[in-house]
Amino acid sequence: MPPVQAQRPTPLYLVDASLYVFRAWHSMPDQFQDTEGWPTNAVHGFARFLAELLERERPGHIAIAFDEALDSCFRHALYPAYKGNREPAPPELRRQFAHCKALCAALGLPVLAHHHYEADDLIGSALHAARPLAFRGVIVSADKDLSQLLGAHDEQWDFARRVSWGMGGVKARHGVEAHQIADYLALCGDAIDNIPGVTGIGAKTAAILLAHFGSLDALLARCDEVAYLRMRGAAQVAMRLREQREHALLWRQLTTIALDAPLDGAVPGFARLDADGDMLDALCQSLRFGPTLRRRLRTVAGLEHPWAPPQDDDAPHFPSYEPA
């Protein structure tokens, strides 16, 4: 009798919506307006992104995570300057975020949002909750922070570049293992989130230190050994680590994705829901979507042709990138 092959976990698509909304806001022309004269370039671009994602992958299980904690995240209580280098979203963009969430709901796509947790935390918590149910994550985002979530069967997908990688591909991209990403960012900092890191430690030095010590905790416990490493400025780095130990631990709190964020209203397994045709038509009308985009959205929503979840557990249909 041939051996029984283990079934591959079911893919759960976890979309970092804010990344694609902001990208559309900056790249789409501002000529798009709704029936009240407000700009709709971001929601137009986001709608096209959703249509293409659903056309290509036809996911049966999916969650779309939005950032509502732009200035109220738990990280701000730990470090008030967190993301302090970012300008607040203008009213024209905030309005479009609401439209994007409504569009997801009309398409039957589960939405995750919370005023104390960021989209990364919601994605991490959803994946953490889904793993015991035999799901694997397909994280749709180019954000390097999210690579820390990748397990043996998970993937991350840079949708714009059509590139994907798994847990084993993280080191070729960032110089450290997937489970070291939070420690890595704590050491070298993250300018995008206004996290300073340890003074004098850049990306290359952080990677060297983690390759040798394995983790930030081990590094701080044995920082006297750093001075003897074959590394430029080793003695200075050891001194900085001793001086900034508490800061390094704080930075790691900021760079670590939470796995316990509330997933209010989420259905088990984040199964795709039935679309609301009336709601979708009303949104398309008020946002003044053109006939081509309207047809695409109705089709992927299963309102023009029968829609059914995929019958196999194949990997997403995009080019794979898995460096040796």
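As shown above, the structure is provided for reference.
Per chain, residues are indexed from 1 in the order of the written sequence. Owing to the predicted nature of the model, reporting of local features is limited to residues with pLDDT of at least 70; listing and counting of side-chain atom pairs is limited to 80 or more, with chain, interface and lining totals taken over all residues. Side-chain numbers come from the whole structure's heavy atoms, not from hydrogens or water.

In this section: the overall build of the chain. A run of H or I in DSSP becomes a helix once it reaches four residues, and a run of E becomes a strand once it reaches two; helices and strands are each numbered from the N terminus. Check the secondary structure of the chain and you find 13 helices and six strands. Dimensions of the chain, computed from the C-alpha atoms along their principal axes, are close to 70 × 65 × 30 Å. Residues are treated as being in contact if the distance between any of their heavy atoms lies within 4.5 Å. A separation threshold of at least 6 residues defines the contact pool for the chain, and within that pool the share at least 24 residues apart is 71%. In the form shown here, the chain has an accessible surface area of approximately 15,500 Å², with 53% of it arising from carbon and sulfur atoms. Charged residues are defined narrowly, with Lys and Arg counted positive, Asp and Glu counted negative, and His plus the chain ends left uncounted. For the purpose of locating charges, the reference atoms are NZ of Lys, CZ of Arg, CG of Asp and CD of Glu. Measuring between centres, the 32 positive side-chain charges of the chain sit 6 Å from its 40 negative side-chain charges. Accessible surface area values rest on a Shrake-Rupley calculation with a 1.4 Å probe, where residue burial reflects the displayed protein chains alone.

Here we take up the side chain of Lys 83. Along the chain, the position of Lys 83 falls in the loop between helix H3 (74-78) and helix H4 (91-106). Each residue gets one of three labels from its accessible area relative to the maximum for its type: buried under 20%, exposed over 50%, partly exposed in between, using a 1.4 Å probe on protein chains only. The buried category is assigned to Lys 83, whose relative accessible area is 14%. We call two N or O atoms a polar contact when they sit within 3.5 Å, provided that within protein one can donate a hydrogen and the other can accept it, with sequence-adjacent residues counted only if both atoms are side-chain atoms. There is a polar contact of 2.4 Å between the side chain of Lys 83 and the side chain of Glu 118.

Classification of ring pairs uses Phe, Tyr and Trp, with its six-membered ring standing for Trp, and accepts pairs whose centres are within 6.5 Å; under 30 degrees between planes counts as stacked, over 60 as edge-to-face, and the remaining range as tilted. This model, assessed by the stated rule, comprises ten aromatic pairs. Here the aromatic rings of Phe 49 and Phe 159 are separated by 4.9 Å at their centres, their planes lie at 90°, and the arrangement is edge-to-face. With a gap of 110 residues between them, Phe 49 in helix H2 (residues 41-57) and Phe 159 in the loop between strand E5 (155-158) and strand E6 (163-166) connect regions that are remote in the sequence. In this structure, Phe 49 and Phe 159 share a single accessibility class: buried. Between Trp 157 and Phe 159 the ring centres are 5.0 Å apart and the planes differ by 55°, which places this aromatic pair in the tilted class. A relative accessible area of 0% means that Trp 157 is categorised as buried. The structure contains a cluster of three or more aromatic residues connected by ring pairs, namely Tyr 20, Phe 22, Phe 46, Phe 49, Phe 66, Phe 97, Trp 157 and Phe 159.

Whenever Lys or Arg places a side-chain nitrogen within 4 Å of a carboxyl oxygen from Asp or Glu, that contact is recorded as a salt bridge. In total, this model carries 21 salt bridges according to the counting rule given. When the shortest N-O distance is used, the salt bridge between Arg 136 and Glu 155 registers 2.9 Å. On the criterion of sequence distance, the pair formed by Arg 136 in strand E4 (residues 135-140) and Glu 155 in strand E5 is long-range, its members being 19 residues apart. Comparing Arg 136 with Glu 155, the two get one shared label, buried. Here Glu 225 ties to Arg 222 by a salt bridge, and the two come within 3.0 Å at their closest N and O atoms. Classification of Glu 225 by relative accessible area gives partly exposed; the value is 34%.

Buried residues of nine kinds, namely Ala, Val, Leu, Ile, Met, Phe, Trp, Tyr and Cys, make up a nonpolar core once their side-chain atoms join them within 4.5 Å. Residues Leu 187, Ile 201, Leu 209, Leu 219, Val 226 and Leu 241 are the most contacted members of the largest nonpolar core, which totals 56 residues. In contact with Leu 219, other than residues within four places in its own chain, are Leu 187, Leu 209, Phe 213, Val 226 and Leu 241. In terms of nonpolar packing, the next biggest core, distinct from the first, is built from 40 residues, Val 15, Val 21, Ala 42 and Ala 301 among them.

What follows deals with the packing of helix H12 (residues 277-286) against helix H13 (residues 291-300). The convention used is that axes are lines fitted to C-alpha atoms, helices contributing only their stretch in contact, and that angles between N-to-C directions extend from 0 to 180 degrees. At a minimum axis distance of 11 Å, the contact between H12 and H13 shows a crossing angle of 160°. With respect to H13, the axis of H12 lies roughly antiparallel. As for how H12 packs across H13, the hand of that crossing is right-handed. Side by side, H12 and H13 meet where Gly 277, Leu 280, Asp 281, Cys 284 and Gln 285 of the first sit next to Arg 294, Leu 297 and Arg 298 of the second. Charged residues are taken to be Asp, Glu, Lys and Arg, nonpolar residues to be Ala, Val, Leu, Ile, Met, Phe, Trp, Tyr, Cys and Pro, and polar residues to be all remaining types, Gly included. Looking at side-chain class alone, the contact of H12 with H13 contains three nonpolar, two polar and three charged residues. Comment on the angle field: the value is read as roughly parallel under 35 degrees, roughly antiparallel over 145, roughly perpendicular from 65 to 115, and oblique elsewhere. Each crossing gets its handedness from the near helix: less than a right angle anticlockwise from the far helix is left-handed, clockwise is right-handed.

Right, let's talk about the environment of Leu 187 for a bit. Looking at the secondary structure, you find Leu 187 in helix H7 (residues 181-188). Along the backbone, Leu 187 and Leu 216 are 29 residues apart, and their C-alpha atoms lie at a distance of 8.1 Å.

This part is about the pairing of strand E1 (residues 10-16). Residues in a regular strand point their side chains to alternate faces of the sheet. The buried count for E1 comes to six of seven residues, which makes it a mostly enclosed element. Pairing between strands is defined by DSSP: at least two bridges between the two strands are required. Two strands pair when backbone bridges link them, and E1 and E4 are joined in this way by six bridges, in the parallel orientation. Bridge pairing in E4 links Leu 12 to Gly 137. In the sheet, E1 pairs with strand E2 (residues 62-65) via four bridges, with the strands oriented parallel. Residue Tyr 13 lies in a different strand from E2, and its bridge partner there is Ile 62.

A separate point is the layout of surface pockets. Which parts of space are left empty comes out when a probe the size of a water molecule is rolled across the atoms. Using a grid of 1 Å spacing that covers the protein atoms alone, one calls a set of points a cavity when a 1.4 Å probe fits there but cannot get out, and a pocket when the set is open and has protein on both sides within 12 Å along at least five of seven lines; lining residues are those with an atom within 4 Å of a point. Grid points are joined across faces, edges and corners, and a volume is the space filled by probe spheres set on the points. A volume near 840 Å³ is recorded for the largest pocket. Together, 36 residues line the largest pocket, and Asp 67, Lys 83, Arg 86, Ile 192 and Asp 193 are the ones closest to its centre. At the level of secondary structure, the elements contributing two or more residues to the lining of the largest pocket comprise helix H1 (17-27), H3, H4, helix H5 (119-130) and helix H11 (245-255). Of the residues forming the lining of the largest pocket, the biggest block, five residues, is contributed by H1.

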